[in-house]
Amino acid sequence: MNDSLPTEPDSGAPVADLPTSTVTDPVSLARVHERLLVPNFPPQELGSVQELLEDVDRGSATVRVVGDPSDPVAVAVTATFTDSPAVLLSYVAIRADQRGRGVGTALLSGLLTGITAGPDVSVVLAEVEHPAHHQAHPVHGDPIARLRFYARLRGRILEVPYFQPPVDGTQDAVYGMLLLALDPPDRVVHGQRLLPEAGLAAALEEFMAGTDPERYPVGPLLEAAGRPEGVRMLPLDEVGHAPVAHRP
């Protein structure tokens, strides 16, 4: 992990004073959820704090925090899958007073380097709002700016009609979403395609396992992800050509 991240604007402390750490204790996790995730994500896109605690406890989620967990500056939450070497970047959130200072880019650059360095992980995926289908929000951010952020991390749009499944029984699916591959390693890329051995199909099958295919467009998504020749990747500036999932 990268531990040289920007510090408070008025503190004058060196950037190394804000380390990145992995948080596992329930009190810190609840604080991170309350202070960073809740302010940055609409309810239909955010799981509950109890779900986060359970995922961390079973080892299916990892929470990396910038700064002291008692006063976190930024967070990245990643999810792993039982039958796929892919990893999903579930959430990235940066405190409002730190945006535009490079905190997020430094956090994610270090995260990607650490995750993909080993042979057990094939690719890091990220789900983001399509800027043509989601408007900028004064609290939850700007989808266009978010794509620029991921462009700096060499993200590519996967050519699948992605949607975010309901986070719980009280919410609907979120449509008009994009699924990105973040700087995919050469070993899982051929030409402009993410190869099947990256495990995209298996990851999405597991991620969508509890989603009713009669109510949500699970079938077209899994069919696109399971192409035997691999899934085509688009540059972020070609977002207008990306397929979009809609409510059935």
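A short tour of the structure in this document, coming up. (Residues numbered from 1 in each chain as written. Predicted model: local features only at pLDDT ≥ 70, side-chain atom pairs only at ≥ 80, totals over all residues. Heavy atoms only, no water.)

### Comments concerning the pattern of salt bridges
Move 1: Applying the stated criterion across every chain yields a total of seven salt bridges.
Move 2: Residue Arg 95 pairs with Asp 71 through a salt bridge whose shortest N-O separation is 3.4 Å. Taken together, the positions of Arg 95 in the loop between strand S4 (87–94) and helix H3 (103–116) and Asp 71 in the loop between strand S2 (61–66) and strand S3 (74–80) put the pair 24 residues apart, joining distant regions of the chain.
Move 3: Across the salt bridge formed by Glu 229 and Arg 193, the nearest N and O atoms sit 4.0 Å from each other. (Salt bridge = Lys/Arg side-chain N within 4 Å of Asp/Glu carboxyl O. Helix = DSSP H or I, 4+ residues; strand = E, 2+ residues; numbered from the N terminus.)

### Here we look at unusual backbone geometry
As a rule of thumb, non-glycine residues mostly have phi less than zero, and peptide bonds are mostly trans rather than cis.
Move 1: For Arg 154, which is not glycine, the phi torsion reads 60 degrees and is therefore positive.
Move 2: With respect to the helices, strands and loops of the structure, Arg 154 is situated in the loop between helix H4 (143–152) and strand S6 (155–158).
Move 3: The backbone of Asp 183 shows a phi angle near 45 degrees, a positive value even though the residue is not glycine.
Move 4: Looking at where Asp 183 falls in the secondary structure, it is placed in the loop between strand S7 (177–182) and strand S8 (189–190).

### Structural notes on the pairing of strand S5 (residues 124–129)
Move 1: With respect to burial, S5 is a largely interior element, six of its six residues being buried.
Move 2: Residues Val 124, Ala 126 and Val 128 of S5 are buried on one face, and the alternating residues Leu 125, Glu 127 and Glu 129, pointing to the opposite face, are buried as well.
Move 3: Sheet analysis places S4 next to S5, joined by three bridges and oriented parallel. The partner of Leu 89 across the bridge, within S5, is Ala 126.
Move 4: Of the crossover connections in this fold, the one passing from S4 over H3 to the parallel S5 is right-handed.
Move 5: Where S5 lies against S7, six bridges are found, and the strand directions are antiparallel. Directly across from Val 128, in S7, lies its bridge partner Leu 178. (Buried < 20%, exposed > 50% of the residue type's maximum accessible area, 1.4 Å probe, protein only. Pairing = 2+ DSSP bridges. Right-handed = clockwise from strand over helix to strand, strands pointing away.)

### Comments concerning the packing of helix H5 (residues 200–207) against helix H6 (residues 218–225)
Move 1: Interhelical geometry of H5 versus H6 gives an angle of 160 degrees and a closest axis separation of 8 Å. Comparing the axis directions of H5 and H6 gives the class roughly antiparallel. Here H5 and H6 pass one another in a crossing that is left-handed. In this structure, H5 uses Leu 200, Ala 201, Leu 204 and Glu 205 to contact H6, whose residues at the interface are Leu 221, Leu 222 and Ala 225.
Move 2: Residues belonging to the contact of H5 with H6 are distributed by class as follows: six nonpolar, no polar and one charged. (Axes fitted to C-alpha atoms, helices over the stretch in contact; angles between N-to-C directions. Parallel < 35°, antiparallel > 145°, perpendicular 65-115°, else oblique. Left-handed = near helix turned anticlockwise from the far one by under 90°. Contact = heavy atoms within 4.5 Å. Nonpolar A, V, L, I, M, F, W, Y, C, P; charged D, E, K, R; others polar.)

### Some words on the packing of aromatic side chains
Move 1: All told, the structure shown has four aromatic pairs when counted by the stated rule.
Move 2: Where Phe 41 meets Tyr 91, the ring centres are 5.0 Å apart and the plane angle is 75 degrees; that geometry is what we call edge-to-face. Placement of Phe 41 in the loop between helix H1 (26–40) and helix H2 (49–58) and of Tyr 91 in strand S4 is noted, with a sequence separation of 50 residues between them. In terms of burial, Phe 41 and Tyr 91 fall into one category: buried.
Move 3: Taken together, a centroid distance of 5.1 Å and an interplanar angle of 75 degrees make the contact between Phe 149 and Tyr 150 edge-to-face. (Phe/Tyr/Trp six-rings, centres within 6.5 Å; stacked < 30°, edge-to-face > 60°.)

### A short note on the sheet that holds S5
Move 1: Read across the sheet, ten strands follow the order S1-S2-S3-S4-S5-S7-S6-S10-S9-S8 without closing on themselves; strand pairing throughout is mixed. Pairing within the sheet leaves two strands with one partner each, and these edge strands are strand S1 (20–23) and S8.
Move 2: Pairing analysis gives six bridges linking S2 to S3, with the strands arranged antiparallel. Note on S3: the bridge partner recorded for Val 65 is Val 75.
Move 3: Strands in contact with H3 are S1, S2, S3, S4, S5 and S7; relative to S3, the strand with the most contacts, it is inclined by about 30 degrees.

### Some words on a negative patch on the surface
Move 1: On the surface, a cluster of negative charge is contributed by Glu 51, Glu 54, Asp 57 and Asp 168.
Move 2: Residue placement: Glu 51 occurs in helix H2. (Patch = residues over 30% accessible without salt bridge, like charges linked within 9 Å, V, L, I, M, F, W, Y side chains within 5 Å. Areas by Shrake-Rupley, 256 points an atom, 1.4 Å probe, with all protein chains shown as cover. Lys, Arg positive; Asp, Glu negative; His and termini not counted. Charge placed at Lys NZ, Arg CZ, Asp CG, Glu CD.)

### Structural notes on the environment of His 246
Move 1: Mapped onto the secondary structure, His 246 falls in the segment after strand S10 (231–235).
Move 2: In this structure, the C-alpha to C-alpha distance between His 246 and Phe 163, residues 83 residues apart in sequence, is 8.0 Å.
Move 3: Residues within four places of His 246 in sequence aside, it is in contact with His 133, Tyr 175 and Pro 217.

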